[in-house]
Amino acid sequence: APLPDARVGEVWVRGESVAQGYWGRPDLNAEVFDQSLDGETGFFRTGDLGVIHDGELYITGRLKEVLIIRGRNLYPHDLEQTVRSVDPRLATGAGAVLALDTPEGSVVVVQEIKPRGLTEDDYRALAQDIQRTLVREFSIPLPSVVFVGPGRVRKTTSGKIHRSLMKQLFVTSELNSLHEELTDALRAHLK
């Protein structure tokens, strides 16, 4: 259903410049390219979330990347920005905040950092600072923190954080981490 201004919802579009669909994918096309709204057909679900404010559309994030934690919708880029503000050593590195399905509500922060001169105690202290900050600022369960070297957080060709790939690399233990501070529940689940 259409939403009033100032409410976040999925952006749907239609028009001459919208593609007809994916070649040979009729099921996906029906789901994505042929949506109906108020009796009108042919809407394309962009997967973007947006809000209309003062007559302008503002994109707020991607539907598939929203973290649902304890019934709340959080944008990963908000948490990632907060992580970079915790310490100057984190400010220049990319990060990815991921929500895992199991154990329930597990949040994982994957953050780039230059390892030069850092000890295990340094990593541990930084991870604890990140955890305290995210719990305080966002009221989320204690997150796990994984530090990786520069350039290890994968990005799309357009420069966006590739969160789905990062989640896959974490679950399959392919991150080549420098240091991990995992919660007991997540550590038990990964065994």
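Source: prediction; values computed, not measured.

Novice: Account for the pairing of strand β3 (residues 40-53), with residues named and values stated.
Specialist: Bridge count for strand β1 (residues 9-13) against β3 is four bridges, and the pairing is antiparallel. Counterpart to Trp-12 in the pairing with β3 is Arg-45. Strand direction decides the pairing type here: strand β2 (residues 35-37) and β3, joined by two bridges, are antiparallel. Within β3, the residue paired with Gln-35 across the bridge is Phe-43. Hairpin connection between β2 and β3: a loop of two residues separates the two successive antiparallel strands, and Asp-38 in this loop has a positive phi of roughly 55°. As judged from the six bridges shared by β3 and strand β4 (residues 56-62), these two strands associate in the antiparallel manner. Bridging across to β4, His-53 finds its partner in Glu-56. The antiparallel pairing of β3 with β4 creates a hairpin that spans two residues between the two strands, and Asp-54 there sits at a positive phi of about 50°.

Novice: Please provide a residue-by-residue account of the nonpolar core, values included.
Specialist: By size, the foremost hydrophobic cluster in this structure holds 20 residues, and its most contacted members are Ile-130, Leu-134, Ile-140 and Phe-147. When residues no more than four places from it in sequence are discounted, the contact partners of Leu-134 are Leu-79, Thr-82, Val-83, Val-109, Ser-139, Ile-140 and Pro-143. In terms of nonpolar packing, the next biggest core, distinct from the first, is built from 16 residues, Ala-94, Val-108, Val-148 and Met-166 among them.

Novice: Tell me about the sheet that holds strand β10 (residues 179-181), and please be specific about residues and values.
Specialist: Read from one edge of the open sheet, four strands run β7-β8-β9-β10, paired in mixed fashion. The sheet is open, and its two borders are formed by β7 (95-100) and β10, each paired with just one other strand. Strand-to-strand twist of the sheet, defined as the mean angle between neighbouring strand axes without regard to direction, takes the value 15°. Here strand β8 (residues 106-112) pairs with strand β9 (residues 144-148) via five bridges, running parallel. Residue Gln-111 lies in a different strand from β9, and its bridge partner there is Phe-147. Those strands touched by helix α3 (residues 120-138) are β8, β9 and β10, and its axis lies near 135° from that of β9.

Novice: Explain unusual backbone geometry residue by residue, including any values.
Specialist: For Asp-38, which is not a glycine, the phi torsion comes out positive at approximately 55°. On the secondary structure map, Asp-38 appears in the loop between β2 and β3. Even without a glycine there, the phi angle at Ser-139 is positive, about 55°. Residue position: Ser-139 is located in the loop between α3 and β9.

Novice: Break down the environment of Arg-152 for me, with residues and values.
Specialist: Its location among the elements puts Arg-152 in the loop between β9 and α4 (163-171). Placed 42 residues apart in sequence, Arg-152 and Val-110 show a C-alpha to C-alpha distance of 9.3 Å.

Novice: Describe the packing of aromatic side chains, listing the residues and the values that go with them.
Specialist: The full count for this structure, using the stated rule, is four aromatic pairs. Residues Tyr-22 and Phe-33 carry aromatic rings whose centres are separated by 5.1 Å and whose planes lie at 80° to one another, so their mutual orientation is edge-to-face. Of this pair, Tyr-22 sits in the loop between β1 and α1 (26-32) while Phe-33 sits in the loop between α1 and β2; the two residues are 11 residues apart in sequence, bridging distant segments of the chain. Overall, Phe-33 belongs to the buried group, its relative accessible area being 11%. Ring centres 5.6 Å apart and planes at 40° place the aromatic pair Tyr-123 and Phe-147 in the tilted group. Of the two residues, Tyr-123 sits in helix α3 while Phe-147 sits in strand β9, which places them 24 residues apart along the sequence. Looking at Tyr-123, the relative accessible area reads 5%, which means it is buried. Each residue in the set Tyr-22, Phe-33 and Phe-44 is aromatic and connected to the rest through ring pairs, giving one cluster.

Cut-offs used in this document
- Residues numbered from 1 in each chain as written.
- Predicted model: local features only at pLDDT ≥ 70, side-chain atom pairs only at ≥ 80, totals over all residues.
- Heavy atoms only, no water.
- Pairing = 2+ DSSP bridges.
- Helix = DSSP H or I, 4+ residues; strand = E, 2+ residues; numbered from the N terminus.
- Core = buried A, V, L, I, M, F, W, Y, C linked by side-chain atoms within 4.5 Å.
- Buried < 20%, exposed > 50% of the residue type's maximum accessible area, 1.4 Å probe, protein only.
- Contact = heavy atoms within 4.5 Å.
- Axes fitted to C-alpha atoms, helices over the stretch in contact; angles between N-to-C directions.
- Phe/Tyr/Trp six-rings, centres within 6.5 Å; stacked < 30°, edge-to-face > 60°.

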